[in-house]
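Remarks on the overall topology
One letter stands for each residue in the lines below.
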Amino acid sequence: MTTAETSSPTAIDIESLGFDAGAHLLVKHALAALSDGEPLRVTGRSPGWQAQLADWCRAQGHALAWEDDAHGAARVTRGSAEAGRWRDAARTGHADPRAPGAVLPQADPAWGLAARGARVEAGSPAFAFRLDRREEVWADNAAELYAQAVSAQWDPETALDWDVEFTHPPEVEAAIRQVMTYMVENENAALLVPARFLGQIHPHYRELQAALAIQVADEARHIDVFTRRIRAGGGEPALSTAGGQASLKSLLDEPDFSVAGFLLSVLGEGTFVNLLHFLAAHAPDPLTRQIAKLAARDEARHVALGMSHLLHRLQGEPALRGRLAQAVEQRHDSLAGTAGLNEEVFDALILIGAGSLAPEAVRQGFERVQQLMREMADGRFTRLLRLGFARGEAERLSALHTRNFM
Amino acid sequence: MSQPQPLLLGAVAYAPKVVTIWEGFKSYLGERGFAMDYILYSNYETQVEAQFEGDIAFAWNSPLAWVRADRMARARGQAVQSLVMRDTDQDLQSVLVVKADSPVQSLADLKGKVVGFGAIDSPQATLIPLDHLQHEGGLAPGKDYEVRRFDVLGGKHGDHIGGERDAAVALLAGEVAASWMIAGNHRAFAKEGTLPAGGTRVLATTGLYDHCTMTVSPGVDAEASRRFAELLLAMDWNDAQVRPLLELEGLRQWRPGRANGFRLLERAATEQGFYDDRGNIVADGYRY
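Residues numbered from 1 in each chain as written. Chains lettered and ligands numbered in written order. Predicted model: local features only at pLDDT ≥ 70, side-chain atom pairs only at ≥ 80, totals over all residues.

Let us look at the overall build of chain B. What chain B contains, in helices and strands, is 9 helices and 11 strands. Taken over the C-alpha trace, chain B has a radius of gyration of 20 Å; the compact-globule value for 288 residues is 19 Å, and the two agree within 12%. For the C-alpha atoms alone, the extent of chain B along its principal axes is close to 70 × 45 × 25 Å. The buried share of chain B, reckoned over its 288 residues, is 49%. For chain B, long-range pairs separated by at least 24 residues make up 79% of all intrachain contacts whose partners lie at least 6 apart in sequence. (Helix = DSSP H or I, 4+ residues; strand = E, 2+ residues; numbered from the N terminus. Rg over C-alpha atoms; globule rule 2.2 N^0.38 Å. Buried ≥ 20, exposed ≤ 12 C-beta atoms within 10 Å, placed from the backbone. Contact = placed C-beta atoms within 7 Å.)

In terms of regular secondary structure, chain A is built from 15 helices and 7 strands. Overall, chain A is about 110 × 50 × 30 Å in size when its C-alpha atoms are taken along their principal axes. Across the 406 residues that make up chain A, the buried fraction comes to 41%. Taking the intrachain contacts of chain A between residues at least 6 apart in sequence as the baseline, contacts between residues at least 24 apart amount to 71%.

Time to look at the domain arrangement of chain B. Residue and element names in this part refer to chain B. Splitting chain B by domain gives domain 1 (7–89 + 211–271) and domain 2 (94–205). Computed from C-alpha coordinates alone, the two centres of domain 1 and domain 2 are separated by 28 Å. Contacts between domain 1 and domain 2 engage 16 residues on the former and 11 residues on the latter. For the side of domain 1 that touches domain 2, the secondary structure elements donating two or more residues are helix H2 (44–51), helix H3 (63–75) and helix H9 (263–271). Class assignment of the residues belonging to the side of domain 1 that touches domain 2 gives a composition of 10 nonpolar, 3 polar and 3 charged. (Domains from an automatic or database assignment. Nonpolar A, V, L, I, M, F, W, Y, C, P; charged D, E, K, R; others polar.)

Turning next to unusual backbone geometry. Residues and elements named next belong to chain B. Non-glycine residue Asp91 carries a positive phi angle of around 60°. Here Asp91 is to be found in the loop between strand E4 (81–86) and strand E5 (94–99). Using a count of 16 C-beta atoms within 10 Å as the deciding quantity, one classes Asp91 as partly exposed. Here the phi dihedral of His157 falls at roughly 55°; this positive angle occurs in a residue that is not glycine. For His157, the position within the fold is in the loop between strand E7 (146–149) and helix H5 (162–172). A count of 31 C-beta atoms within 10 Å places His157 in the buried class.

Another point: the interface of chain B and chain A. With 24 residues of chain B at the interface, the matching set in chain A holds 22 residues. Elements with a minimum of two residues in the side of chain B that touches chain A: helix H6 (183–192), strand E9 (200–205) and helix H8 (243–249) of chain B.

Let's shift gears to the sheet that holds strand E1 (residues 7–12) of chain B. Residues and elements named next belong to chain B. The strand order E2-E1-E3-E10-E4-E11 describes an open sheet built from 6 strands, whose pairing is mixed. The sheet is open, and its two borders are formed by strand E2 (36–41) and strand E11 (254–256), each paired with just one other strand. Between one strand and the next, the sheet's axes are offset by a mean angle of 25°, whatever the strand orientation. Where strand E3 (residues 58–61) lies against strand E10 (residues 213–216), 4 bridges are found, and the strand directions are antiparallel. The partner of Phe58 across the bridge, within E10, is Val216. (Pairing = 2+ DSSP bridges. Axes fitted to C-alpha atoms, helices over the stretch in contact; angles between N-to-C directions.)

This paragraph deals with the packing of helix H5 (residues 142–151) of chain A against helix H11 (residues 286–316) of chain A. Two measures define how a pair of helices packs: the angle their axes make with one another and the distance between the axes. Residue and element names in this part refer to chain A. It is at 10 Å that the axes of H5 and H11 come closest, and there the two elements cross at 175°. If you check the angle between H5 and H11, you find them roughly antiparallel. On H11, the residues touching Ala142, Leu145, Gln148 and Ala149 of H5 are Arg301, Ala304 and Leu305. Partitioned by chemical class, the residues of the contact of H5 with H11 number 5 nonpolar, 1 polar and 1 charged. (Parallel < 35°, antiparallel > 145°, perpendicular 65-115°, else oblique.)

Attention now goes to the environment of Trp154(A). Residue and element names in this part refer to chain A. Structurally, Trp154 can be placed in the loop between H5 and helix H6 (156–159). Owing to 16 C-beta atoms within 10 Å, Trp154 belongs among the partly exposed residues under this scheme. In the structure, Trp154 is positioned 140 residues away from Leu294 in sequence and 8.1 Å away in space, judged by C-alpha atoms. Apart from residues lying up to four places away in sequence, Trp154 is in contact with Ala159 and Leu294.

All names here are of chain B. Taking burial as the measure, the 6 residues of E1 include 5 buried ones, the bulk of the element. As paired strands, E1 and E2 are joined by 6 bridges and run parallel to one another. The partner of Ala11 across the bridge, within E2, is Leu40. You can see the chain leave E1, run along helix H1 (residues 17–31) and come back into E2, and the turn it takes is right-handed. (Right-handed = clockwise from strand over helix to strand, strands pointing away.)

Turning our attention to the sheet that holds E9(B). All names here are of chain B. If you walk across this open sheet you meet the 5 strands as E7-E6-E8-E5-E9, and the pairing is mixed. This sheet does not close on itself; its edge strands, each paired only once, are E7 and E9. The average angle at which neighbouring strand axes cross in this sheet is 30°, direction not considered. Alignment of E5 against E9, held across 5 bridges, turns out to be antiparallel. In the sheet register, Val97 faces E9, and the bridge partner there is Val202. Across the sheet, H5 lies against E5, strand E6 (114–117) and strand E8 (178–182), angled at about 150° from E8, the strand it touches most.

Moving on, we get to the nonpolar core. One finds Leu53(A), Leu9(B), Phe58(B), Val97(B), Ala167(B), Ala178(B) and Leu265(B) to be the most contacted residues of the largest nonpolar core, which totals 103 residues. Per-element tally for this core: the top contributor is H3(B), with 7 residues. Met180(A), Met183(A), Phe197(A) and Val303(A) belong to the second-largest nonpolar core, a separate cluster that totals 78 residues. (Core = buried A, V, L, I, M, F, W, Y, C linked by C-beta atoms within 7 Å.)

Moving on, we get to the packing of helix H2 (residues 49–60) of chain A against H6(B). H6(B) packs onto H2(A) with a crossing angle of 85° between their chain directions and a minimal axis gap of 8 Å. It follows from the interaxial angle that H2(A) and H6(B) lie roughly perpendicular. In this structure, H2(A) uses Ala51(A), Gln52(A), Asp55(A), Trp56(A) and Ala59(A) to contact H6(B), whose residues at the interface are Ala183(B), Gly184(B), His186(B) and Arg187(B). Here the residues of the contact of H2(A) with H6(B) are counted per class, giving 4 nonpolar, 3 polar and 2 charged.

The predicted model of chain A averages 94 in pLDDT, with 98% of residues at 70 or higher. Confidence drops under a pLDDT of 50 for residues 1–6 of chain A, and excluding neighbours within four residues, the segment shows 10 contacts in the predicted structure. (pLDDT = per-residue confidence, 0-100.)

Attention now moves to the pairing of E3(B). The two faces of the sheet receive side chains in turn, since in a regular strand these alternate between them. All names here are of chain B. With burial as the criterion, each face of E3 is covered, one bearing Phe58 and Trp60 and the other bearing Ala59 and Asn61. Pairing geometry for E1 and E3, over 2 bridges, is parallel. Paired with Gly10 across the strands is Ala59, a residue of E3.

Below, the discussion takes up H3(B). Residues and elements named next belong to chain B. Helix length check: H3, at 13 residues, gives a terminal C-alpha distance of 18 Å against a target of 18 Å (1.5 Å per residue), a fit within 8%. Burial runs high along H3: 11 of the 13 residues are buried. Regarding H3, the residues found buried are Pro63, Leu64, Ala65, Trp66, Val67, Arg68, Ala69, Asp70, Arg71, Met72 and Ala73. Contacts from the buried residues of H3 go to H2, E3, E4, helix H4 (123–137), E10 and H9. (Expected span 1.5 Å × (residues − 1).)

This is how it looks when you write it as structure tokens:
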């Protein structure tokens, strides 16, 4: 392609390129560089290029005239169709979340699936994203937490030694099996709660979308390795109680993103981190200890995301604190009639802490589980303080948290 | 309040999208106080005949259907009117395509060769191309070259592009030496990958001709026609609510109709014996 700059109109020669081989691209780009009404002189030498050019111009709404009867050169003037299409297009913030006006307070349903920062043609279909307000979902460090999660992903095949031999007594293995069964159940809830909100979040808030998506992937991996750990001991998953499931169901039933995040991540997963640390310290075999260590690292990120979102939202909406407290109370009341923590799980934890059924070992295991409970309560208390709850209120709410841990 | 009696518009159902298109126009017009409803026909011949039985006030006609309606009207001492056309319906051209490396360099080189055409009733891929070879190349079908027709859906007047695509495929397969298609389809077939980019060469280009037109049946109230045309001509591409309908129907804007873009087709229909001068169908082997 050659472009000539003279007093005569801007000209391009499409040479022997036909419109069945992309010649329109040359004309399109040359036209885009011209101001409104300015003609573009087009010449070519592919056989029949004139009819092809005329057809393309007609389809695009561009005006076409021939300089002479021999149709040796065309003059094309840009039509208004392209400009018309984008005239009322929506501006949708910016890709860089730190730029001013990047992440807008309200995302329009008609922005749909467009990349944040793209121009969206008017008349695009409206998508029903229930969570379309920044305050409902945003966390300032979501992008950083996502990046951390990406670099901290681990492959169960290489990060864990599955060939390790178990030398602990069968009753301790049974305890591990029970705790793993319980953890799979909990992680199913931890996967589904963010997954359900994920489909409702407007893609404009993509950093949150990404952080939740990788959180879901983390939980899928945990469910997989916990299950494989059960099978490594040669057994099937153990017991699942009605009370445990009732406690988890109340998490899935919570429709508010912030409240659900508070219950699941801040209180539940926060508590879960303590449990994983307990297993990392006291599990009888190196495989289980390593699984617990890796999973705890992931869970800590989930807690951080939940905390970050709540801190952001509470800044603009302090009244949310009251709703969070109410949610803990309601959950406590609705679960009052259930057994709470599976007795089998509690006993399994003692046995893991003990390492054997010797009386002195059991005493020590029991003390360790008591210590675990204190650490769980302290952790909840500390996080509630950080969220701005008064000391008394934080203590009371921490105590009301479900006995099922999660 | 009783609903106003709608004016009926005929259209040929050459593809499922036709329903979406005319539903869209029906509501666009209805919202502006113009009651229109539509009747779908399976072929243009029955639709044109319906224009003379008082069944429909308007017909969205192919160029060949226009030629027939015009002849039928004249034979009856009546008149039909070309009311509005799409901007994409005016000054079209068809191209005769050969393989890029074909030894055929001119129309004269087609002597004794097989040439691919579209459906028997396709203005752009059969009737006007036959006319072009006759008048510009001095080539008579069946005598100077062999006609290979790719007939798809008779009575649709070539609206279904399947015949042109089949002809293009036959060209690549070496079954025909050259194939006709409307210029837009040459680009479309390259875009969809049917034709390799730059793998074909345009051997000939027809003269300019017009395509579809909104045809007013004889005796329709002039004020109603005027209002109908006015509403269509006012459709604005810049309006995001209207644009999808225009895109679906393949236009940027409506233009006032005209009847002087059908000369090539009129000559072709007469000389090739498709319709007689009263609009009777005289073509051999035409099934619809």
